[in-house]
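Coordinate analysis (summary)
As a plain string of letters, each chain reads:
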Amino acid sequence: MDYRTIEVKPVTPVIGAEIRGVDLSQSLGDAQWNEIHSAFLEHSVIFFRDQKPMPPERQVAFGKRFGPLHIHPAAPGMDGHPEVFVIHAHKDSKIANGEFWHSDVSCDQEPPLGSILQIHLLPPAGGDTLFASMYAAYDDLSPRMKTYLAGLNAVHESEHIYRGRYSDRGVDDAGKEYPTAIHPVIRTHPETGRPALFVNRTFTTRIDGLPEEESRAILDFLCTHAERPWYQTRFQWRQNDVAMWDNRCTQHMAIWDYWPHERKGNRVTVKGDRPFYRG
Ligand code: SIN
């Protein structure tokens, strides 16, 4: 791809690119946005270094260029900006968001297309985020395993993750039902047409229609396979950096190695569509 309004520097051969020449605190022209969109599809996660802090309304406006925004089923939104999910871990936190490999809210019937995170406050060291390409994980499977998985579906649940999770932020979830969905194990990306592995350790609980032990063995194999380091990039944040990842073909994991220090940022999440497999 030939970029004219931005500079795109891949950070690994399979996932991630740094985008230069963009100021996300300003509204973007169509030519520049189109190239950012292309880079996003080409590299699956894009990083914007040396940014100014984006006010919530600016981050919301940038997210809306990609589509309508998603409201998190469990986390409270920012006051006045329900689409903004505040990512915050500090000395009194019992959990930190995204500590284990996942694709955001894959338990939704229509899981998010992508997420845009700006980190404003960083610990003195640590707090990196790992991203892994599920295209690369799929491509590397043996032909026989690809055939076996084609057409299988998996159950994604969230009760075990979300129940009580945000009580320290004032959320009373008594009586609330958390989402569950069944999605293809191999998902065709709706924009690139590429197949990607779509199971993760956080939300995927079993493979539909398989005996319990076989489901557990296959899921364990797939999750371990998806976490191989050569499908990954590791992003070391600097203050006000922005990352945007494609939940349809990546997983990520935020490393909580900085307790008792604090890390804080804002995420907006773009709605996605129902996963499908086109064999
Ligand atoms: C998340 O959105 O899963 C958290 C990512 C991060 O904090 O780096």
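What counts and what doesn't
- Residues numbered from 1 in each chain as written.
- Predicted model: local features only at pLDDT ≥ 70, side-chain atom pairs only at ≥ 80, totals over all residues.
- Heavy atoms only, no water.
- Helix = DSSP H or I, 4+ residues; strand = E, 2+ residues; numbered from the N terminus.
- Expected span 1.5 Å × (residues − 1).
- Buried < 20%, exposed > 50% of the residue type's maximum accessible area, 1.4 Å probe, protein only.
- Arc of directions from axis to C-beta.
- Contact = heavy atoms within 4.5 Å.
- Salt bridge = Lys/Arg side-chain N within 4 Å of Asp/Glu carboxyl O.
- Near = heavy atom within 4 Å.
- Polar contact = N/O pair within 3.5 Å; in protein donor to acceptor, adjacent residues only side chain to side chain.
- Areas by Shrake-Rupley, 256 points an atom, 1.4 Å probe, with all protein chains shown as cover.
- Nonpolar A, V, L, I, M, F, W, Y, C, P; charged D, E, K, R; others polar.

Side note on helix H6 (residues 212-226)
In a regular helix each residue adds 1.5 Å, so 15 residues correspond to 21 Å; H6 covers 21 Å between its end C-alpha atoms and thus fits that length. Taken residue by residue, H6 has Ser 215, Ile 218, Leu 219, Leu 222, Cys 223, His 225 and Ala 226 as its buried positions. Viewed along the axis of H6, the buried residues span an arc of 160°, placing them on a single side of the element. The inward-facing, buried residues of H6 contact strand S7 (129-133), helix H3 (134-139), helix H4 (143-149), strand S11 (195-197), strand S12 (204-207) and strand S15 (250-254).

A few points about the pattern of salt bridges
According to the stated counting rule, one finds 19 salt bridges in the structure shown. Among the salt bridges present, the one from Asp 139 reaches Arg 194, with a minimum N-O distance of 3.2 Å. Within this pair, whereas Asp 139 is found in helix H3, its partner Arg 194 is found in the loop between strand S10 (186-188) and S11, the two being separated by 55 residues in sequence. The exposure class of Asp 139 is partly exposed, given its relative accessible area of 40%. Here Glu 227 ties to Arg 201 by a salt bridge, and the two come within 2.8 Å at their closest N and O atoms. Placement of the pair is Glu 227 in the loop between H6 and strand S13 (232-235) and Arg 201 in the loop between S11 and S12, with a sequence separation of 26 residues.

Topic: the site of the ligand
Surveying the vicinity of the ligand reveals the residues Ile 87, Asn 97, Gly 98, His 102, Asp 104, Leu 117, Thr 129, Trp 245, His 252, Ala 254, Arg 263 and Arg 267. Contact between the ligand and Thr 129: an oxygen atom at 2.6 Å from a side-chain N or O atom of the residue. A distance of 2.7 Å is found between an oxygen atom of the ligand and a side-chain nitrogen or oxygen belonging to Arg 267. The fraction of the free accessible surface of the ligand (260 Å²) that becomes covered by protein chains is 99%. When residues of the shell around the ligand are traced back to their parent elements, those giving at least two are S15 and strand S16 (263-270). Split by residue class, the shell around the ligand holds 4 nonpolar, 5 polar and 3 charged.

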